[in-house]
Amino acid sequence: MLAAKTNDASEQLRNKATLVGLFAIVLWSMMFGFVRLTTQSFGPSLGSALIYSIAALFTYIGYRPTPARKLPLKFVLFSGGLFVFYESAITISIGLAASSEQTVELSLVNYLWPTMLVLLAALDSGSRASFVRSLPGAVVATVGVVLAVGGNNGLDWAAVAADIASNPLPFALTFAAAAAWSVYSVYSARLSEGCDGTAFFMGGVAVAMWVIFLLNGAPAPAQGVDVAALLSLAGAAGCIAAGYACWGHGMLKGDMEKMSIGSYAAPLFSVIASTLILGVSLTPLFWCGTIAVVAGSLINWRMRR
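Quick caveat, the model's predicted, so the values are computed rather than measured. (Residues numbered from 1 in each chain as written. Predicted model: local features only at pLDDT ≥ 70, side-chain atom pairs only at ≥ 80, totals over all residues. Heavy atoms only, no water.)

Novice: What's the story with the packing of aromatic side chains in this structure? I'm lost.
Specialist: Centre distance and the angle of the planes are the two values used to describe a pair of aromatic rings. Tallying each qualifying case throughout the model produces 12 aromatic pairs. Aromatic side chains Phe75 and Phe201 sit 5.3 Å apart centroid to centroid with 55° between the ring planes, which places their arrangement in the tilted category. Taken together, the positions of Phe75 in helix 4 (residues 73-96) and Phe201 in helix 10 (residues 198-215) put the pair 126 residues apart, joining distant regions of the chain. Exposure remark for Phe75: the relative accessible area of 4% places this residue in the buried category. A relative accessible area of 5% means that Phe201 is categorised as buried. Ring plane angle 45° and centroid distance 5.8 Å describe the contact between Phe83 and Phe201, whose orientation is recorded as tilted. Here Phe201 lies in helix 10 and Phe83 lies in helix 4, a separation of 118 residues in the sequence. What links up through ring pairs into an aromatic cluster is the set Trp28, Phe75, Phe83, Tyr86, Trp181, Tyr184, Phe201, Tyr244 and Trp247. (Phe/Tyr/Trp six-rings, centres within 6.5 Å; stacked < 30°, edge-to-face > 60°. Helix = DSSP H or I, 4+ residues; strand = E, 2+ residues; numbered from the N terminus. Buried < 20%, exposed > 50% of the residue type's maximum accessible area, 1.4 Å probe, protein only.)

Novice: I would appreciate a short explanation of the environment of Ala206 in the present structure.
Specialist: Looking at where Ala206 falls in the secondary structure, it is placed in helix 10. We classify Ala206 as buried; its relative accessible area is 5%. When the C-alpha positions of Ala206 and Ser166 are compared, they lie 29 Å apart, and in sequence the two are 40 residues distant. When near neighbours in sequence (up to four residues on either side) are disregarded, Ala206 contacts Ala49, Tyr52 and Ser53. (Contact = heavy atoms within 4.5 Å.)

Novice: Whenever I open this one, the side chain of Glu87 confuses me. Can you help?
Specialist: Residue placement: Glu87 occurs in helix 4. In this structure Glu87 is buried but unpaired, with Arg36 as the nearest side chain of opposite charge at 16 Å. A polar contact is formed between the side chain of Glu87 and the side chain of Tyr52, at a distance of 2.4 Å. Here the side chain of Glu87 touches Tyr244 through a polar contact of 2.6 Å, side chain to side chain. Those residues within four positions of Glu87 in sequence are excluded, and the remaining contacts are Tyr52, Val205 and Tyr244. (Lys, Arg positive; Asp, Glu negative; His and termini not counted. Salt bridge = Lys/Arg side-chain N within 4 Å of Asp/Glu carboxyl O. Polar contact = N/O pair within 3.5 Å; in protein donor to acceptor, adjacent residues only side chain to side chain.)

Below is the structure:
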């Protein structure tokens, strides 16, 4: 009887930790909207530098990393470099987006990374059959992104091409960031030797953004900084820092398989949150494309089992 009660209590703790881990997806889904509002007020480089400076501090205090002297050098250089590139590229791309609608489009492009991760993991395994099984989900997810961006432009592909051509850098940065994150996810675990350097990596993002800010001549905010701007800054930094803390707690004490399944709903949550925060209106075809991205990710997960 005592053993059964102990098992039940252990299972309850595990389920609670899983829920905490899944809450990270909700927090990260709000990031795009808050980062957009912050960069609109402070500028892309200054806004990003402030966000990651605060997020790094929050993460270090709330989710203490492995001491720097114990971090493997290969892990710091390879994984740290990819982390800094990913986070920097995402925040810069959001700041450079031509409109709030384009920010939502970028959030969907970002969530091609689960599909890229599955394809890369299949290639890394050396299994041709595994790679072939991953292709259907990859195709569905990619078609979903194309449909979403096209649907938001009335399926006028000339207008889509013109929209991207007029401001290609955010789309290129976001796509490259998604690819970088898939590489980070596949190879970091084997290089980390059980160490966690998230807070230090986030500090690296802040340093990179401060350097960019200074190289750009340290431009003053384009508009006055008010309470709403400060709240957006707090929201962006808090979502990023708390998201990593929740995810880390879930990974350590929760059910990673359930968390992985839940993470495939991230594109949908991200679009919904960005739409509410930024107050944009999206077409039915965009939502169909979003659902296709989620479906493609789920197909990939199913094929991996």
